[in-house]
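Chain by chain, the residues run as shown.
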Amino acid sequence: MSELLTDREIDRSHMEVSDEVVIEITGMNKWFGTFHVLRDINLTVFRGERIVVCGPSGAGKSMLIRCINALEEHQKGQIVVEGTILSSDLKNIDKIRSEVGMCFQHFNLFPHLTILENCTLAPIWVRRVPLKEAQETAMHFLEKVKIPDQAQKYPGQLSGGQQQRVAIARSLCMRPRIMLFDEPTSALDPEMIKEVLDTMIELAEEGMTMLCVTHEMGFARQVANRVIFMAEGQVVEQNEPEAFFDNPQSDRTKLFLSQILGH
Amino acid sequence: MAGTSFVRKELMGQTPPPMTSAGIIGWLRQNLFGSWMNSVLTILSVGFIAIILWEVLPWIVRSSWTASSLRECREAIDLAWGDHVDGACWAVIRERYLQLIYGFYPSEQYWRANLAFILLLVSLAPILFPALPRQMLWFSAAFPFLCFWLLWGGTLWLPIVAALGFAVGYLAFIAANRAAGQLAGAIAALLAPVVWWIWLAAPVSRGLDSVIGIGIEPVESAKFGGFMLSVTIGITGIALSLPIGILLALGRQSGLVILKSLCVGFIEFIRGVPLITLLFVASTLLNIFMPPGTNFDIILRVVIMVTLFSSAYMAEVIRGGLAALPKGQFEAADSLGLDYWKRQRLVIMPQALKISIPAIVGNFIGLFKDTTLVSIIGLLDPIGLTNNIRADVNWNGIVWELYGFIALLFFIFCFSMSRYSMYLERKLNTDHR
Ligand SMILES: Nc1ncnc2c1ncn2[C@@H]1O[C@H](COP(=O)(O)OP(=O)(O)O)[C@@H](O)[C@H]1O
Ligand SMILES: [Mg+2]
């Protein structure tokens, strides 16, 4: 795992954390049958934060961020996103999903639609944006992720890194105020990881609130303002990246770090 | 070990493949004589095909087209080709082809059936070929009513009033939705049109007709027959069974237990019963349950049964397509904020249907061929007509010619469907281009 992620200077002028709460999770629990997947999660995310969630496989990292936009249901506790309480009320769920963008490990682009159509689908059908405008927005974000020339192709014709960048652009087209990433680079070949991380860094530079499940520790060190370590469905340790990496407190964290950093 | 290191200084360009793998010889070698076993099979099959053609072709060619009875046919063939030559008697097709196509539809009204068929092609075109202007779909939506009127005739008001049933359903939905919520709205949207069609449509259209009479000569269902009947039943069944099948498949996946068990029950029941049984129910039993005095058209009853039968199979085919979709597609659609119906319509169904195209078209073809079963309940589809034709003293004993002709027509229909499905699959293949 490379420590140094990017050679260019990261522009931190817009990376400010305000004291406005955007996500507030209190006493959240989730079970699969009798299996306790998430145990008493408490987490407050402020606007502009870049949080990296890490931990061993099966720790419940995906579950945590999937609960935030109701892809998974939690059974106990409360999640409030942008002031909306997440309940089984469909209206609230739709509202929250339109504020929160999400990128998946396997991109999940729609294979039957072109890149451009992938990006305009939700704005047109959910936000009722006129076609022309939706296409302009889509092209704007495709340029941002540096693949405007692929707009008319189908996802199957793109490389993994390109697909993931399209997936990011597709989420951005909905103008989300929070972005969730679930291991966006773990399905990619090494040479493509960097292009996706670069895109994520640019997003962070613009002040996007981000919650990333990732094992890219270079990214965590350079971009995150907070690292959360999860194991067995609970938050074991959270700290600023410097302190987290240089001075981990719990034994589990130490073990995990030693494994992942290969010391 | 310095000796094993190797560096290529210049990269190789492309070279053409060797002759043995390209061209006709290459193709033959690869596909027909690839191995010892393959060669034996090739020779055996070619021999088999040759024997069949040797037997059948002379029968087809040494035929008579101009006789007016089977006996005359045989005499003409004996005269032309020598004694004891077995030849086809195509004269029966020449004499009866109109009947095989139109049944007993009055001949001065054939233009109506022809027009309906041409309009059918026009209304199918925008559905089959998305490149055509989308406005044509309005015609496709109106076509069923127009077609019904053209074929059965009578007052123009009846199809208009029938089409109004959808408006009635919509209004009922709005009203009930406002008054008592979504579930009530859905129920009202289903019930109101049914009530409208069964009890109100006929008197209303009669009333309108007595005020302003527009109409063409009515033709009763008993006169329908031949290919016209097969196509009517087949196309209606095809057009209805796909949407109903989709709804059943979605219902089967639904989280609402009642809806789910209803769908599962329906699908399993229908799949457990032979179509013939359903057709007998349609032809005899159904009348018992209808209010006395209502005349529930036999073709309509058969169409309903065929549709229900086919949609149960369709539902299972589509369920297979749904199951083949990765879970990520549902999640991506959800995370973008698409609601259930938009998700199904824009993301899930286009992919699930694409996966199921071969099976769906297979179902369509099966349904179309199954329409020949209606001969068993006495409808005069082409198969039913063969008995009818053989009952004529002149043509008593004729078999192969009639069935051959019918098979040819069915083949044309089914083969075009199959070719279209292959075209569609190629066109929609966006995965690995
Ligand atoms: N549908 C499911 N049913 C039962 N258990 C599940 C299901 N999905 C995930 N789990 C379990 O929940 C735990 C947390 O999963 P996840 O959040 O995906 O872990 P990770 O931290 O690797 O992302 C794992 O132990 C996994 O086996
Ligand atoms: Mg995970």
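Right above here is the structure, for reference.
Keep in mind that this is a model prediction, so the values were computed, not measured. (Residues numbered from 1 in each chain as written. Chains lettered and ligands numbered in written order. Predicted model: local features only at pLDDT ≥ 70, side-chain atom pairs only at ≥ 80, totals over all residues. Heavy atoms only, no water.)

## Focus on the packing of helix H3 (residues 115-125) of chain A against helix H4 (residues 131-144) of chain A
Residue and element names in this part refer to chain A.
So, step 1. Relative orientation of the contacting elements H3 and H4 amounts to 125°, with a least axis distance of 9 Å. Considering the angle they form, H3 stands oblique to H4. Between H3 and H4 the crossing geometry is right-handed. Where H3 approaches H4, its residues Ile115, Leu116, Cys119, Thr120, Pro123 and Ile124 are matched on the opposing element by Leu131, Ala134, Gln135, Ala138, Met139 and Leu142. (Axes fitted to C-alpha atoms, helices over the stretch in contact; angles between N-to-C directions. Helix = DSSP H or I, 4+ residues; strand = E, 2+ residues; numbered from the N terminus. Parallel < 35°, antiparallel > 145°, perpendicular 65-115°, else oblique. Left-handed = near helix turned anticlockwise from the far one by under 90°. Contact = heavy atoms within 4.5 Å.)

## Quick notes on the sheet that holds strand S5 (residues 84-85) of chain A
Residue and element names in this part refer to chain A.
So, step 1. Pairing is antiparallel in the open sheet, where four strands are placed in the order S2-S1-S4-S5. Each of the sheet's edge strands pairs with one partner strand only, and the pair in question is strand S2 (35-46) and S5.
So, step 2. The pairing of strand S4 (residues 76-81) with S5 spans two bridges and is classified as antiparallel. Opposite Val81, over in S5, you have Thr84 as the bridge partner.
So, step 3. Contacting strand S1 (21-32), S2 and S4, helix H1 (residues 61-68) crosses the sheet at an angle of about 125° to S1. (Pairing = 2+ DSSP bridges.)

## Let's talk about the pairing of strand S6 (residues 100-103) of chain A
Residues and elements named next belong to chain A.
So, step 1. By the alternation rule, side chains of S6 split into Val100 and Met102 and Gly101 and Cys103, which are all buried.
So, step 2. Here S6 runs beside strand S7 (residues 178-182); their pairing, made up of four bridges, is parallel. Note that in S7 the partner of Gly101 across the bridge is Met179. (Buried < 20%, exposed > 50% of the residue type's maximum accessible area, 1.4 Å probe, protein only.)

## Let's talk about the site of ligand 1
Residue and element names in this part refer to chain A.
So, step 1. Inspection of the region around ligand 1 gives Phe32, Phe35, Val37, Ser57, Gly58, Ala59, Gly60, Lys61, Ser62 and Met63 as its neighbouring residues.
So, step 2. Gly58 has a polar backbone atom sitting 2.7 Å from an oxygen atom of ligand 1.
So, step 3. Between an oxygen atom of ligand 1 and a main-chain N or O atom of Gly60, the distance comes to 2.9 Å.
So, step 4. Coverage of ligand 1 by the protein chains reaches 60% of its 560 Å² of free accessible surface.
So, step 5. For the shell around ligand 1, the elements supplying multiple residues, two or more each, are S2 and H1.
So, step 6. Of all the elements, H1 adds the most residues to the shell around ligand 1, at three residues. (Near = heavy atom within 4 Å. Polar contact = N/O pair within 3.5 Å; in protein donor to acceptor, adjacent residues only side chain to side chain. Areas by Shrake-Rupley, 256 points an atom, 1.4 Å probe, with all protein chains shown as cover.)

## Details of the packing of helix H9 (residues 226-253) of chain B against helix H14 (residues 340-370) of chain B
Geometry of a packed helix pair, given as the angle between the helix axes and the separation of the axes.
Residue and element names in this part refer to chain B.
So, step 1. One can describe the packing of H9 onto H14 by two numbers: an axis separation of 10 Å at closest approach and a directional angle of 140°. Put simply, H9 runs oblique to H14. Like other packed secondary-structure pairs, H9 and H14 cross with a definite hand, here right-handed. Of the residues in H14, those touching H9 at Ser230, Val231, Gly234, Gly237, Ile238, Ser241, Leu242, Ile246, Leu247 and Leu250 are Tyr340, Trp341, Gln344, Met349, Leu353, Ile360, Phe364, Leu367 and Phe368.

## A few points about helix H3 (residues 70-81) of chain B
Given 3.6 residues per helical turn, the α-helix brings residues three or four places apart onto the same face.
Residue and element names in this part refer to chain B.
So, step 1. Between its terminal C-alpha atoms H3 stretches 16 Å, which fits the 16 Å expected from 12 residues at 1.5 Å a residue.
So, step 2. Along H3, the positions that sit buried rather than exposed are Leu70, Cys73 and Ile77. In a view along the axis of H3, the buried residues occupy a sector of 50°, so they form one face of it. Opposite its buried face, H3 presents the exposed residues Arg71 and Leu79, each directed more than 90 degrees away.
So, step 3. Along its buried surface, H3 packs onto helix H4 (91-102).
So, step 4. With its phi angle positive at about 100°, Gly82 sits one or two positions after the end of H3. (Expected span 1.5 Å × (residues − 1). Arc of directions from axis to C-beta.)

## Some points on the packing of aromatic side chains
Residues and elements named next belong to chain B.
So, step 1. All told, the structure shown has 21 aromatic pairs over all chains when counted by the stated rule.
So, step 2. Between Tyr105 and Phe224 the ring centres are 5.5 Å apart and the planes differ by 90°, which places this aromatic pair in the edge-to-face class. Within this pair, whereas Tyr105 is found in the loop between H4 and helix H5 (110-128), its partner Phe224 is found in the loop between strand S2 (215-216) and H9, the two being separated by 119 residues in sequence.
So, step 3. The exposure class of Phe224 is buried, given its relative accessible area of 2%.
So, step 4. Ring centres 5.2 Å apart and planes at 55° place the aromatic pair Phe368 and Phe410 in the tilted group. Residue Phe368 is located in helix H14, and its partner Phe410 is located in helix H16 (residues 400-428); the two are separated by 42 residues in the primary sequence. For the residue pair Phe368 and Phe410, the accessibility class agrees, reading buried in each case. (Phe/Tyr/Trp six-rings, centres within 6.5 Å; stacked < 30°, edge-to-face > 60°.)

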